[in-house]
Amino acid sequence: SVLDILADLHPSQFAVIGGRNKAYRNVLGALKDGYIHVIQVDIKDCFSSFNGERISDNLPVPPGVTRNVLLSRNLNLNPGNLLDILSMSHEDKSVVFKEVSGLLDTFVPKVRSGIPQGSCVSSLVAEILLASVIPVLPELGRVVAYADNFLLMATNTDDLATMKQALGSVLQNH
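Residues numbered from 1 in each chain as written. Predicted model: local features only at pLDDT ≥ 70, side-chain atom pairs only at ≥ 80, totals over all residues. Heavy atoms only, no water.

1. A look at the environment of L31
So, step 1. Along the polypeptide, L31 turns up in helix α2 (residues 19-32).
So, step 2. Taking the C-alpha atoms as reference points, L31 and A154, separated by 123 residues in sequence, lie 9.1 Å from one another.
So, step 3. The residues contacting L31, other than those within four sequence positions of it, are I36, V38 and M153. (Helix = DSSP H or I, 4+ residues; strand = E, 2+ residues; numbered from the N terminus. Contact = heavy atoms within 4.5 Å.)

As structure tokens, this is what we get:
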């Protein structure tokens, strides 16, 4: 609730303000205005790609809240919790536990980086963190953003290519 109130989002972002219907209406309006060349950019591993050490500098809540509530590093990942619900013998559980524990050792560092995908607040956090990207793009077309997805729209392919290249550069630096 606090992030909803304090979030300073760009008017082209729709995941948490307006949702899909408002995003669709913006896309349809842009198409009617002649922005018929379109490309979608989906940020690969967006949620886990954010630097947890720097996230709190960019959110309008105390750093302790960010660290303890919004970041993935404090997720409780325990393979025993999963195995308790399975109907297995104790011996089978211990074999599976060892295998699952090994997998967790491999994947936990990635899972615990950035913000947790699927959390009820992650889309808003991602939109807040990505809001500064849109204003620095060249004004050659329209942008419709939905969490970690950007729909770039232009009247010609050259402008679209320029927008895509600019977005890639801005995201890389961001």
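2. Let's talk about the nonpolar core
So, step 1. With 31 residues, the main nonpolar core has F50, F150 and L152 as its most contacted residues.
So, step 2. Secondary-structure elements contributing two or more residues to this core are α3 (46-49), α8 (122-130), β2 (141-146), β3 (149-154) and α9 (157-173).
So, step 3. Looking at this core, the element that brings in the most residues is α8, giving six residues.
So, step 4. Setting aside anything within four residues of it in sequence, one finds F150 in contact with I39, Q40, V41, I43, L130, I134, V143, V144, A145 and L167.
So, step 5. Core analysis: the second largest hydrophobic core is formed by eight residues, V27, V144, L151 and M153 among them. (Core = buried A, V, L, I, M, F, W, Y, C linked by side-chain atoms within 4.5 Å. Buried < 20%, exposed > 50% of the residue type's maximum accessible area, 1.4 Å probe, protein only.)

3. Examining unusual backbone geometry
So, step 1. Of note in this structure, A147 is not a glycine but carries a positive phi near 55°.
So, step 2. As for its position among the elements, A147 is in the loop between β2 and β3.

4. Details of the sheet that holds β3
So, step 1. Pairing in this open sheet of three strands is antiparallel, and the strands run β1-β3-β2 from one edge to the other. The sheet terminates laterally at β1 (37-42) and β2, the two strands that pair on one side only. The mean angle between the axes of side-by-side strands here comes to 15°, regardless of whether they run parallel or antiparallel.
So, step 2. In this structure, β1 lies alongside β3, joined through six bridges in antiparallel fashion. Of the residues in β3, the one forming a bridge with H37 is A154.
So, step 3. The strands touched by α2 within the sheet are β1, β2 and β3, with β2 carrying the most contacts at an inclination of about 165°. (Pairing = 2+ DSSP bridges. Axes fitted to C-alpha atoms, helices over the stretch in contact; angles between N-to-C directions.)

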